[in-house]
Structures are given as C-alpha cells and as structure tokens.
Amino acid sequence: MAVILAAGEALEKAAKLILAGNPVAVPTETVYGLAADATNGDAVARIYEVKARPRFNPLIVHVDGMEMAEGIGEFDPLSRRLAAKFWPGPLTLVLPLKKGADIHPLVRAGLDTIALRMPTGFISRLIARTGRPLAAPSANSSGHISGTSAPAVEADLGARIALIVDDGPTPVGVESTIVKIEGERLRLLRPGGLAAEEIEEAAGLKLERGAPAGVEAPGMLSSHYAPRARVRLNAAEIAAGEALLAFGPKRAKGADAAKAVRNLSPRGSLREAAANLFSMLHELDATGASVIAVEPIPFDGLGEAINDRLRRAAAPRDIESRTA
Ligand code: AMP
Ligand code: MG
C-alpha cells in the first residue's frame, strides 16, 4: 500500500524512490502525475505497468529549468519565446529531440520529437533534487479520470505504488495544453490548462487544429513510429536474411540464419521487453533487412501494449491508397 506524505516532508523519500527506478505519484499544478526517471527504461516501463495502459503513447517529460530543457529539446526562437512567457505552467511544447539527449526511447514511443513541460510545485523540487527529467502521465489507471487529489490517487493506484505525495487539490485541475512547433507554424495537439488564445497572442500566430493532412489512417499518425521493414508477427520459423526480434530463452526455428537478432528480454521479462522495444526495432530496421520477424510475446501485463505497438508496426503501409 502506498504511503501518503505531505509535500513538505516527502522530498527525500520521493527522490530516493525515483533514483531507484520507482514511479511516485506527485502533485503538479495541472493534475497529479505518476512520475519516473525519464532516462531509465525500466522505470518508464513501470509507469505503464502501474497505469495498466494498453498502449505506448509518448509521455511528457518534465524539467526544472531551461538548462535541463535545452539539453533535451531543440528550441528555436518561437519555442523559446513561448517557454519564456508560459513556463513554469500548464503548457507542453513538442519539439525535435536534441541529438544525444539522455531520454529513454520508451518515453518517446520511438519518436524523434519530445514533449516538454516545466511545471511548478513539488515536482519541480523533485527534479532539481534528483537531477533527472521526470516522465509523468496523469496518476490514474488507464481509462479512469485524472487524479486531482491525493485521496483520489490513493483510491485508484494506492495498491500499486509506494508513495503518494500530498499537496492538496491541484490548482489547474486539467492536463496541460500541448502545442507542437512545426517550423513557423504551431499546432494544437491537446487543449488544456492554458487557453489557446493566450498562446496565439504570445506567438502572434493562429494555432492550427487537427492532424496534418495525409496521415489520417489509424496507426499511421505521425506520432506512430513505423519501421521501414515489413514486420511479421508471431514468427515460429525464421527465413534466411530476416531480422529477428526475439523474446525469452527459446529461439524460433531457423533463428541461426537471421541477418541480425535482438532479444527483447532473454529472461522473458515483459518490463525489460517494453524498455527495449523501440530501440531494438530501430536497430533491426537499420540493418536494412526487408523483414523483421517477431517471436510470439505473451499478452499479459505489459505484453498488451507491446503487442499493440508491434501490430501497428506490422499494419499495411499504403496510406495514399487508403485515404484516397
Ligand atoms: P499524458 O502524459 O497522459 O498527459 O499524455 C501525453 C500526451 O502528449 C499524449 O496525448 C501524447 O500523445 C502527447 N505527446 C507526447 N509526446 C508527443 C510527441 N513527441 N508528439 C506528439 N504528441 C506527443
Ligand atoms: Mg491521463
């Protein structure tokens, strides 16, 4: 069962848990967040486990200042202006990922963009104390409403986490507004705690709404990483020249003839597999193999989200003909 500690006395314990790779429920000005070290894939996989999220979607990374932010995202004059005006606060900026940034690929769901926010309150002190950027989706089970008080978080997640930090009801009460910087344009990805009009006024630009043209098909949104290679699921047998994404201690037939092999988790841990999924898909794709064969992966726990992502990666790729 989770311990609930008041924000004034929770910093040391929370920092210890974060540095040991555990998610902690913490207040932010928007809603309570389920925070974990964004540089640690195992810690990020635990977020998905605790929330029982059936899908990997990219998570927002929280920073304590511009120095940390500039080490993670590529800022341009427009994004810098928005950050200067609205941070800390309920605005999330989606930016190109800085080359060499120490953010685990599971946080980004394999994308080379990153959602960044500078929050206020306890979470900001926790980032400063640990020196780690924190990935933090809302502190609730998948499908439940976002927790905006410690008792609400306890009722939902109390049995699955070690610590809930209580700082009373959250002042904003809804999630952050998410804006994507697309060169000279701004796209509203999610309305939230900062009014779109305020952003438009500060930017001197209209916010574009809706998905960009040409990426209508489900699973093919630009936010969904898809490898170039064809992905073949539940492979019981591997053909020569295929790249193999393996799982567990036992190899599929023909594995010796694979062009390259990555094992998501030799010991069969779904948490480890989740943490390795995006980087290993990228690595196998980079071998130039035309097919990535994937061994069967169980569906329990994190297996559901892993299989969901692999299914999307395996879906037919003919966007033009589908949206025509
Ligand atoms: P949550 O962390 O649950 O508040 O949700 C984060 C939201 O941010 C989701 O709707 C994501 O799809 C969105 N998001 C995070 N990172 C990105 C990104 N790199 N590109 C587009 N959307 C993102
Ligand atoms: Mg949520």
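Quantities reported herein were computed from a predicted structural model and do not represent experimental measurements. (Residues numbered from 1 in each chain as written. Chains lettered and ligands numbered in written order. Predicted model: local features only at pLDDT ≥ 70, side-chain atom pairs only at ≥ 80, totals over all residues. Heavy atoms only, no water.)

Peer 1: Could you clarify how one ought to interpret the overall build of the chain in this entry?
Peer 2: Assigned secondary structure in the chain consists of 11 helices and 15 strands. Taking 2.2 N^0.38 as the reference for a compact globule, 324 residues should give roughly 20 Å; the C-alpha atoms of the chain span a radius of gyration of 20 Å, in line with that estimate. Projected onto its principal axes, the C-alpha coordinates of the chain cover approximately 60 × 45 × 35 Å. Burial statistics for the chain: of 324 residues in total, 53% are counted as buried. Contacts in the chain between residues at least 24 apart in sequence constitute 66% of all its contacts with a sequence separation of at least 6. Surface exposure of the chain reaches about 14,000 Å², of which carbon and sulfur atoms provide 53%. Averaged over its 38 positive side-chain charges, the chain has a centre that lies 4 Å from the centre of its 38 negative ones. (Helix = DSSP H or I, 4+ residues; strand = E, 2+ residues; numbered from the N terminus. Rg over C-alpha atoms; globule rule 2.2 N^0.38 Å. Buried < 20%, exposed > 50% of the residue type's maximum accessible area, 1.4 Å probe, protein only. Contact = heavy atoms within 4.5 Å. Areas by Shrake-Rupley, 256 points an atom, 1.4 Å probe, with all protein chains shown as cover. Lys, Arg positive; Asp, Glu negative; His and termini not counted. Charge placed at Lys NZ, Arg CZ, Asp CG, Glu CD.)

Peer 1: Just to check I follow, could you spell out the confidence of the model for the chain for this structure?
Peer 2: Close inspection of predicted coordinates is inappropriate in any region flagged by low pLDDT. Per-residue confidence for the chain averages 92 on the pLDDT scale, and 93% of its residues sit at or above 70. This stretch, residues 214-223, has a pLDDT under 50; its non-local contacts, to residues over four places away or in other chains, come to 16 contacts. Ignoring residues within four places in sequence, the model shows residues 319-324, a span with pLDDT below 50, making seven contacts including any to other chains. (pLDDT = per-residue confidence, 0-100.)

Peer 1: Please explain unusual backbone geometry as it appears in this structure.
Peer 2: Glycine aside, residues mostly have negative phi angles, and peptide bonds mostly take the trans form. The amide bond that connects tryptophan 87 to the next residue, proline 88, takes the cis arrangement and shows omega of -5°. On the secondary structure map, proline 88 appears in the loop between helix H4 (77-86) and strand S5 (91-96). One non-glycine residue, alanine 52, lies in the positive phi region at around 50°. Inspection of the secondary structure assignment puts alanine 52 in the loop between helix H2 (41-51) and strand S4 (60-62). At alanine 109, a position not held by glycine, the phi torsion is positive, near 50°. Among the secondary structure elements, alanine 109 is positioned in the loop between helix H5 (105-108) and strand S6 (113-117).

Peer 1: Just to check I follow, could you spell out the site of ligand 1 for this structure?
Peer 2: Contacts to ligand 1 come from Arg53, Pro58, Ile60, Val94, Leu111, Thr113, Ile114, Ala115, Pro137, Ile178, Leu189 and Arg190. Threonine 113 places a polar side-chain atom, nitrogen or oxygen, 2.8 Å from a nitrogen atom of ligand 1. Contact distances for ligand 1 include 3.0 Å between an oxygen atom and a side-chain N or O atom of arginine 190. Contact with the protein chains covers 82% of the free accessible surface of ligand 1, which is 500 Å². Looking at the shell around ligand 1, the elements with two or more residues in it are S6 and strand S10 (185-190). Residue contributions to the shell around ligand 1 peak at three residues, all from S6. Of the residues that constitute the shell around ligand 1, the class distribution is nine nonpolar, one polar and two charged. (Near = heavy atom within 4 Å. Polar contact = N/O pair within 3.5 Å; in protein donor to acceptor, adjacent residues only side chain to side chain. Nonpolar A, V, L, I, M, F, W, Y, C, P; charged D, E, K, R; others polar.)

Peer 1: Honestly, the packing of helix H1 (residues 11-19) against helix H6 (residues 122-130) in this entry has me stumped. Any pointers?
Peer 2: How two helices sit against one another is set out by the angle between their axes and by the gap between those axes. Where H1 contacts H6, the two axes come as close as 10 Å, and the packing angle between them is 60°. It follows from the interaxial angle that H1 and H6 lie oblique. Crossing of H1 against H6: the hand is right-handed. The segment H1 lies against H6, with Leu11, Glu12, Ala14, Ala15, Ile18 and Leu19 engaging Phe122, Arg125, Leu126, Arg129 and Thr130. Across the contact of H1 with H6, the residue classes break down as seven nonpolar, one polar and three charged. (Axes fitted to C-alpha atoms, helices over the stretch in contact; angles between N-to-C directions. Parallel < 35°, antiparallel > 145°, perpendicular 65-115°, else oblique. Left-handed = near helix turned anticlockwise from the far one by under 90°.)

Peer 1: What am I meant to see in the packing of aromatic side chains here?
Peer 2: The way to describe two aromatic rings as a pair is by their centre distance and the angle between their planes. Evaluation of the coordinates by the stated rule reveals three aromatic pairs. Here tyrosine 48 and phenylalanine 56 contribute two aromatic rings whose centre-to-centre distance is 4.7 Å and whose plane-to-plane angle is 85°, an arrangement assigned as edge-to-face. Just as tyrosine 48 is buried, phenylalanine 56 falls in that class too. Given a relative accessible area of 1%, phenylalanine 56 falls into the buried group. (Phe/Tyr/Trp six-rings, centres within 6.5 Å; stacked < 30°, edge-to-face > 60°.)

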